[in-house]
Amino acid sequence: MAAFPAGKAGGVKILIVEDEPKTGEYLRQGLSEAGFVVDLARHGMDGLHLALTGDYDLVVLDVMLPGLDGWSVLQTVRRAGHEMPVLFLTARDQVEDRVRGLELGADDYLVKPFAFSELLARVRTLLRRGRSKEPEVFRVADLELDLLRRRVVRAGTRIDLTAKEFALLELLMRRQGEVLPRSLIASQVWDMNFDSDTNVIEVAVRRLRAKVDEPFEPRLIRTVRGMGYVLEAPEGE
Ligand code: CA
């Protein structure tokens, strides 16, 4: 099992095992746009091989697959000692299917057809649950974000943020030092697509700065023109 993905340069890795080309491609594209590193397998055996060797943080697994079905893939993965969260995709909303999946070690399931936003929400919840080694407090310079207590403190001063501001700051702190494109921020914090009106993000960043940056020194949130935003301690700090 991977330690905490926040520290990995390449980000969180997700494996999709889905033989239906349209669904697979839709998932691959959506999860990539949401900022994940995504691999797609269209065959049960390929999926199993990747799941065993690819160091994934999460697997999205279809039940009906050519070669080897989802049940067998899951069973083999669990027997080999891999504990990454597995989200099952099932076309049939039948109680025995769900029970069987959960008994074999699936963490959650989703019945097709599903909305992408729902899949994304489940994926994020599973990743949060799966990351036991994830730090609960992020720190950059004198700014501190406490995930569990939902608390932000800078230079000893408690700062009140809205839920969106908190999510935005969490993303920036999780990926500190990385320039985050507006499209990525939109998909991670607002669940919007690339084409959405990104003015929302500029306004939110401005509000966040007014609270966590402007009353303090040094400034931590930088705009990188034409690219996006980055949160980091200035050189030498
Ligand atoms: Ca299938």
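The structure this text deals with has already been given above.
As the structure is a computational prediction, the values presented were derived from the model and not from experiment.

> Help me out: how do you make sense of helix α2 (residues 44-53) in this one?
Given 3.6 residues per helical turn, the α-helix brings residues three or four places apart onto the same face. Taken together, the buried positions of α2 are Gly 44, Gly 47, Leu 48 and Ala 51. Buried residues along α2 cover an arc of 100° about the axis, so they all sit on one side. The outward face of α2, more than 90 degrees from its buried face, is lined by the exposed residues His 49 and Thr 53. Those residues of α2 hidden inside the fold are in contact with β1 (13-17), β2 (37-41) and α3 (70-79). A positive backbone phi angle near 55° is found at Asp 55, which sits one or two residues after α2.

> Would you mind showing me how to read the packing of aromatic side chains here?
The relation between two aromatic rings is expressed through the spacing of the ring centres and the mutual angle of the planes. Using the criterion set out here, one finds two aromatic pairs in the structure. When the ring of Trp 71 is compared with that of Phe 88, the centres are 5.0 Å apart and the planes differ by 45°; the resulting orientation is tilted. One end of the pair, Trp 71, is in helix α3; the other, Phe 88, is in strand β4 (residues 86-90), and 17 residues separate them in sequence. The burial state of Trp 71 is the same as that of Phe 88; both residues are buried. Directly above the ring of Tyr 56 sits Lys 13, whose terminal nitrogen or CZ lies 4.7 Å from the centroid.

Here is what the cut-offs are and how they apply
- Residues numbered from 1 in each chain as written.
- Predicted model: local features only at pLDDT ≥ 70, side-chain atom pairs only at ≥ 80, totals over all residues.
- Heavy atoms only, no water.
- Buried < 20%, exposed > 50% of the residue type's maximum accessible area, 1.4 Å probe, protein only.
- Helix = DSSP H or I, 4+ residues; strand = E, 2+ residues; numbered from the N terminus.
- Arc of directions from axis to C-beta.
- Contact = heavy atoms within 4.5 Å.
- Phe/Tyr/Trp six-rings, centres within 6.5 Å; stacked < 30°, edge-to-face > 60°.
- Lys NZ or Arg CZ within 6 Å of the ring centre and 35° of its normal.

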